[in-house]
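Descriptive analysis of the structure
Listed here are the chains, written in short residue letters.
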Amino acid sequence: MDVYDMLPEAGGLLLFGIPEFRIPKKGVREGVKELAEKGVYFHLNKKIHDSEVFDVDFSELIEKYDAVLIATGAWEPRRLNIEGEELKGIFHAAPYIVKYYLTKFGYSPSSSLPSLGSSVAVIGAGLTAVDSALLAVEIGVKDISLVYRRTRREAPAGEKELKTLEEKGVKIVELKAPVGFKGEDGRIRWMITLDMKLGPPDRSGRPSPTPVLGSEKAFDVDSVIVATGGLSTPPFKKYSDKIRVTEDGRIIVDDKRRTSRLGVFAAGDVESGPSLIGPALKSGLIAAESIKEYLIQHT
């Protein structure tokens, strides 16, 4: 069995994207070691796609192996699509967190991690937003704000997580949403927000945030971390005529995690969209059983 991983050490987001207090790294590394001892070979620093700029061609893997499991996650940042988002000093959460751990674990020089400065605004209120704020605390940023367009009662991370942030000096800013960023010399200097008010429930079941016109305010910031989720990242584009995907990039699977291409399975965030660890692991276990069943029938 072979595993292809774009990172320099096996473990994925459990190792490079989630804080130690949530997922102890020792346990992850021990699990990887156990797999290696059982014969799993890890091909590290290998990006898979059907584009020429990547290390391994996805279609070649399809032809090489009897079965293939796609578990490439949801790495593409979900953009805010507002003015100034391209300014230096604006980071998307998942890539920045991974860069931080690559530095912390000695895979990248400390100089490769962009500075957050002395003030950072984290946009969002899920666990990734909380973890981004905690990362800023660990780095030593003095002024940290968690900016959320609803109230803390609707925050996906939950009240306990928000209280932990406040105990560490993070300010929780409710009912505000960024509508633009302003900068000087190509770098962010101000975040422009609008006040929000809550309306009827939307598709998520939570009150829908509605802008309060004329309530624009500018906040001085050295950096911004956007933690509003990501998009699934299948390892192909040319191959999408053979493996069906949704409009937002999620691989379509059945209840056994089988794709529309015989012998190809998908599990985790690449088929569900961004989720928590538990559902992703469950999806992987279902796929593993399905692959075992498939191999018995077809080899």
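The following paragraphs examine the structure supplied in this document. What you see is a predicted model; the values in this text were computed from it and never measured. (Residues numbered from 1 in each chain as written. Predicted model: local features only at pLDDT ≥ 70, side-chain atom pairs only at ≥ 80, totals over all residues. Heavy atoms only, no water.)

Turning our attention to the packing of helix H4 (residues 93-104) against helix H5 (residues 127-139). At a minimum axis separation of 10 Å, H4 and H5 run at an interaxial angle of 40°. Comparing the axis directions of H4 and H5 gives the class oblique. Crossing handedness for the pair H4 and H5: left-handed. Residues Ala93, Tyr96, Ile97, Tyr100 and Lys104 of H4 form the contact with H5, whose participating residues are Thr128, Ser132, Leu135, Glu138 and Ile139. Classifying every residue of the contact of H4 with H5 gives 6 nonpolar, 2 polar and 2 charged. (Axes fitted to C-alpha atoms, helices over the stretch in contact; angles between N-to-C directions. Helix = DSSP H or I, 4+ residues; strand = E, 2+ residues; numbered from the N terminus. Parallel < 35°, antiparallel > 145°, perpendicular 65-115°, else oblique. Left-handed = near helix turned anticlockwise from the far one by under 90°. Contact = heavy atoms within 4.5 Å. Nonpolar A, V, L, I, M, F, W, Y, C, P; charged D, E, K, R; others polar.)

What follows covers the pattern of salt bridges. With the rule as written, the count across this model stands at 18 salt bridges. In this structure, lysine 256 and glutamate 293 form a salt bridge, with 3.0 Å as the shortest nitrogen-oxygen distance. Residue lysine 256 is found in the loop between strand S16 (230-231) and strand S17 (264-266), and its partner glutamate 293 is found in helix H8 (residues 277-298); the two are separated by 37 residues along the sequence. The class for lysine 256 is partly exposed, based on a relative accessible area of 30%. Given a relative accessible area of 33%, glutamate 293 falls into the partly exposed group. Residues joined by salt bridges that share partners form a network here, namely Arg22, Asp131 and Glu161. (Salt bridge = Lys/Arg side-chain N within 4 Å of Asp/Glu carboxyl O. Buried < 20%, exposed > 50% of the residue type's maximum accessible area, 1.4 Å probe, protein only.)

This paragraph deals with the sheet that holds strand S8 (residues 119-123). Pairing in this open sheet of 5 strands is parallel, and the strands run S7-S15-S8-S9-S10 from one edge to the other. Looking along the sheet, the strands with just one partner apiece sit at the ends: strand S7 (90-92) and strand S10 (171-173). Each strand of the sheet is rotated relative to its neighbour by a mean of 20°, with strand direction disregarded. As paired elements, S7 and strand S15 (residues 223-226) share 3 bridges and run parallel to each other. Within the sheet, the bridge partner assigned to phenylalanine 91 lies in S15 and is isoleucine 225. Here H4 sits on the sheet and contacts S7 and S15; the angle it forms with S7, its principal contact strand, is near 85°. (Pairing = 2+ DSSP bridges.)

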